[in-house]
Amino acid sequence: MRLRALVMAVALVISMPAVAAGLRDLAQAAGIRFGAAVDVEALNTDAAYAQLLAREFNLVTPENAMKFSVVHPERERYDFTQADALVAFAEAHAMQVNGHVLVWHQQLPDWLAQGQFSQDELKAILREHIQTLVTRYRGRVASWDVAAEAVAEDGQPRDTFWSRGIGPDYLALAFQWAHEADPQAHLRYNDYGGEGAGAKADGIYRLVAELRGQGVPIHGVGMQMHVSPDDAPRTQDLRVNLQRLAALGLATHISEMDVMLPVPASRTNLNKQAVLYRDTLKLCLAQPQCRSFSTWGTTDRYSWIPEFFPGKGAALLFGEDGRAKPAYESVRKVLRDAKTGTR
Ligand code: 9MR
């Protein structure tokens, strides 16, 4: 009787379809990290969201939880509730964390944006902010977006709260402070709209080349890739751009990709979206310096797009219901076909 039960159990296991590996496993075999931005509220309240995240991704970026206004809401008070929850989740699921973002001109708390501070005071505030965050997560947050979106559309340095208040060396200082707080952390500059060819891409290149030239501890560049089928950069331009950044000795990352579509999305557009994801990931895989590929969210349900671009959405790999879209299948195929051991 016991033998018969055993035989039946074995037969059952053999006849079961193999559980499909998540993208994270395929990505790992291909030598790349596969990431997503995380909405920590969704993570805390939606079990399906958490499950999908843990199954498909091995790199997480807090979508908002480490931004200045969230994590440092008053001058003397930090609030790490959401950030801690995300880091704990990542550790429990063997994921890497990319901290986001230390110096940015958006999502600043009122005490800061509306305060009156001298140059020295602002430097002290930024230094304390950076060192508090980076020290707290030393050894637990593998990389940081130290600075984001510091280049304007014309390629010139963007005129911001930080550049006005501290002066042009605010970026070099920020990288330096972050490096002091965690010498092992991978420090990135992250921007949008400079993925392909043009003035902004050239401006980003000049900026990071200059920082490298000055010996500033910058290790990588994130290309955000918030695109739509009508305005995506040409593949060839993205390739050349990633190559010239790598030639500076920098790692590159596709850091926030999404492809917004008019909603409800047509089959044609979903297929165009799948092609864009596919080509971008292929390009990253073809370059040894391109270390990670992240999407800005997981399911369309929690994407930032519909709120910021009314009438647009459906930008991610999974639909509102969490089902895989054509883009997911195309990404999956690229990862499956990727040669292993070449990176
Ligand atoms: O997705 C984020 C959204 O929830 C916030 O309201 C918004 C605030 O400006 O920031 C979004 O994330 C941005 C990221 O931090 C930096 N790159 C562009 C992203 C999309 O706007």
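Keep in mind that this is a model prediction, so the values were computed, not measured. (Residues numbered from 1 in each chain as written. Predicted model: local features only at pLDDT ≥ 70, side-chain atom pairs only at ≥ 80, totals over all residues. Heavy atoms only, no water.)

## Describing the overall build of the chain
Reasoning step 1: Secondary structure summary: the chain contains 15 helices and eleven strands in total.
Reasoning step 2: Against the globule reference of 20 Å for 343 residues, the chain gives a C-alpha radius of gyration of 21 Å, in line with a compact fold.
Reasoning step 3: Over its C-alpha atoms, taken along the principal directions, the chain stretches across nearly 80 × 45 × 40 Å.
Reasoning step 4: Residues classed as buried in the chain amount to 51% of the 343 residues present.
Reasoning step 5: For the chain, the proportion of contacts with a sequence separation of at least 24, taken over those separated by at least 6, is 79%.
Reasoning step 6: With an accessible surface of roughly 15700 Å², the chain has 52% of that area assigned to carbon and sulfur atoms. (Helix = DSSP H or I, 4+ residues; strand = E, 2+ residues; numbered from the N terminus. Rg over C-alpha atoms; globule rule 2.2 N^0.38 Å. Buried < 20%, exposed > 50% of the residue type's maximum accessible area, 1.4 Å probe, protein only. Contact = heavy atoms within 4.5 Å. Areas by Shrake-Rupley, 256 points an atom, 1.4 Å probe, with all protein chains shown as cover.)

## Quick notes on the pairing of strand E4 (residues 143–148)
Reasoning step 1: Extensive coverage of E4 is indicated by the burial of six of its six residues.
Reasoning step 2: In this sheet, E4 lies alongside strand E3 (residues 96–103) in parallel orientation, the contact comprising four bridges. Looking across to E4, one finds that Gly99 is bridged to Trp144.
Reasoning step 3: Two strands pair when backbone bridges link them, and E4 and strand E5 (residues 186–191) are joined in this way by five bridges, in the parallel orientation. (Pairing = 2+ DSSP bridges.)

## Quick notes on the pairing of strand E10 (residues 290–295)
Reasoning step 1: The buried count for E10 comes to five of six residues, which makes it a mostly enclosed element.
Reasoning step 2: Strand direction decides the pairing type here: strand E1 (residues 33–38) and E10, joined by four bridges, are parallel. Its bridge partner being in E10, Gly35 is matched across the sheet by Ser294.
Reasoning step 3: Pairing analysis gives four bridges linking strand E8 (residues 251–259) to E10, with the strands arranged parallel. Bridge pairing in E10 places Thr252 opposite Cys290.

## Section: the nonpolar core
Most often, soluble globular proteins keep nonpolar side chains buried together rather than apart.
Reasoning step 1: In this structure, Phe34, Leu53, Trp144, Trp162, Tyr189 and Leu335 are the most contacted members of the largest nonpolar core, which totals 100 residues.
Reasoning step 2: Other than its neighbours up to four places away in sequence, Leu335 contacts Leu23, Leu26, Ala27, Ala30, Ile32, Phe34, Leu281 and Leu285. (Core = buried A, V, L, I, M, F, W, Y, C linked by side-chain atoms within 4.5 Å.)

## What to know about helix H4 (residues 47–56)
Reasoning step 1: Of all the positions in H4, only Tyr49, Ala50, Leu52, Leu53, Ala54 and Glu56 are classed as buried.
Reasoning step 2: Buried residues in H4 make contact with helix H2 (23–30), E1, helix H3 (40–45), strand E2 (59–62), helix H6 (81–92) and helix H15 (326–337).
Reasoning step 3: Its side-chain oxygen 3.1 Å from the backbone nitrogen of Ala48, Asp46 forms the N-cap of H4. (Polar contact = N/O pair within 3.5 Å; in protein donor to acceptor, adjacent residues only side chain to side chain.)

## Considering the pattern of salt bridges
Reasoning step 1: For the structure shown, the criterion picks out 17 salt bridges.
Reasoning step 2: In this structure, the salt-bridge partner of Asp279 is Arg278, at a minimum N-O distance of 3.0 Å.
Reasoning step 3: On the basis of relative accessible area, Asp279 is assigned to the partly exposed category, the value being 22%. (Salt bridge = Lys/Arg side-chain N within 4 Å of Asp/Glu carboxyl O.)

## Things to note about the state of the cysteines
Reasoning step 1: Using the criterion set out here, one finds one disulfide in the structure.
Reasoning step 2: With a sulfur-sulfur separation of 2.0 Å, Cys284 is cross-linked through a disulfide to Cys290. Handedness here is read from the sign of the S-S torsion; for Cys284 and Cys290, about -95°, the answer is left-handed. The same class applies to Cys284 as to Cys290, namely buried. (Disulfide = S-S within 2.5 Å.)

## Structural notes on the packing of helix H11 (residues 199–213) against helix H12 (residues 235–247)
Reasoning step 1: Between H11 and H12, whose axes approach to 10 Å, the crossing angle comes to 10°. Between H11 and H12, the crossing angle belongs to the class labelled roughly parallel. Here Ala201, Asp202, Tyr205 and Val208 of H11 come into contact with H12, specifically with Asn241, Arg244 and Leu245.
Reasoning step 2: Class assignment of the residues belonging to the contact of H11 with H12 gives a composition of four nonpolar, one polar and two charged. (Axes fitted to C-alpha atoms, helices over the stretch in contact; angles between N-to-C directions. Parallel < 35°, antiparallel > 145°, perpendicular 65-115°, else oblique. Nonpolar A, V, L, I, M, F, W, Y, C, P; charged D, E, K, R; others polar.)

## Quick look at the packing of aromatic side chains
Reasoning step 1: This structure, assessed with the given rule, holds twelve aromatic pairs.
Reasoning step 2: Ring geometry for Trp111 against Phe117: centres 6.3 Å apart, planes inclined by 85°, an arrangement best described as edge-to-face.
Reasoning step 3: A relative accessible area of 17% places Trp111 in the buried class.
Reasoning step 4: On the accessibility criterion, Phe117 (23% relative accessible area) is partly exposed.
Reasoning step 5: Consider the rings of Phe318 and Tyr328, whose centres lie 5.1 Å apart with planes at 50°: the pair is tilted. Of this pair, Phe318 sits in the loop between strand E11 (312–313) and H15 while Tyr328 sits in helix H15; the two residues are ten residues apart in sequence, bridging distant segments of the chain.
Reasoning step 6: Residue Tyr328 is classed as buried on the basis of its relative accessible area of 7%.
Reasoning step 7: Three or more aromatic residues link up through ring pairs in this structure, and these residues are Phe68, Trp111, Phe117, Phe161 and Trp162.
Reasoning step 8: Geometry around Tyr192 places Lys200 over its ring, the cationic atom sitting 3.6 Å from the centre. (Phe/Tyr/Trp six-rings, centres within 6.5 Å; stacked < 30°, edge-to-face > 60°. Lys NZ or Arg CZ within 6 Å of the ring centre and 35° of its normal.)

## Some points on the side chain of His100
Reasoning step 1: Note on placement: His100 falls in strand E3.
Reasoning step 2: Of note is the side chain of His100, whose polar atom sits 2.8 Å from the side chain of Asp145.

## Some remarks on the side chain of Asn190
Reasoning step 1: Its place among the elements puts Asn190 in strand E5.
Reasoning step 2: Within the local environment of Asn190, its side chain forms a polar contact with the side chain of Asp145, the two groups lying 3.4 Å apart.
Reasoning step 3: Polar contacts involving the side chain of Asn190 include one to the side chain of Ser255, which spans 2.7 Å.

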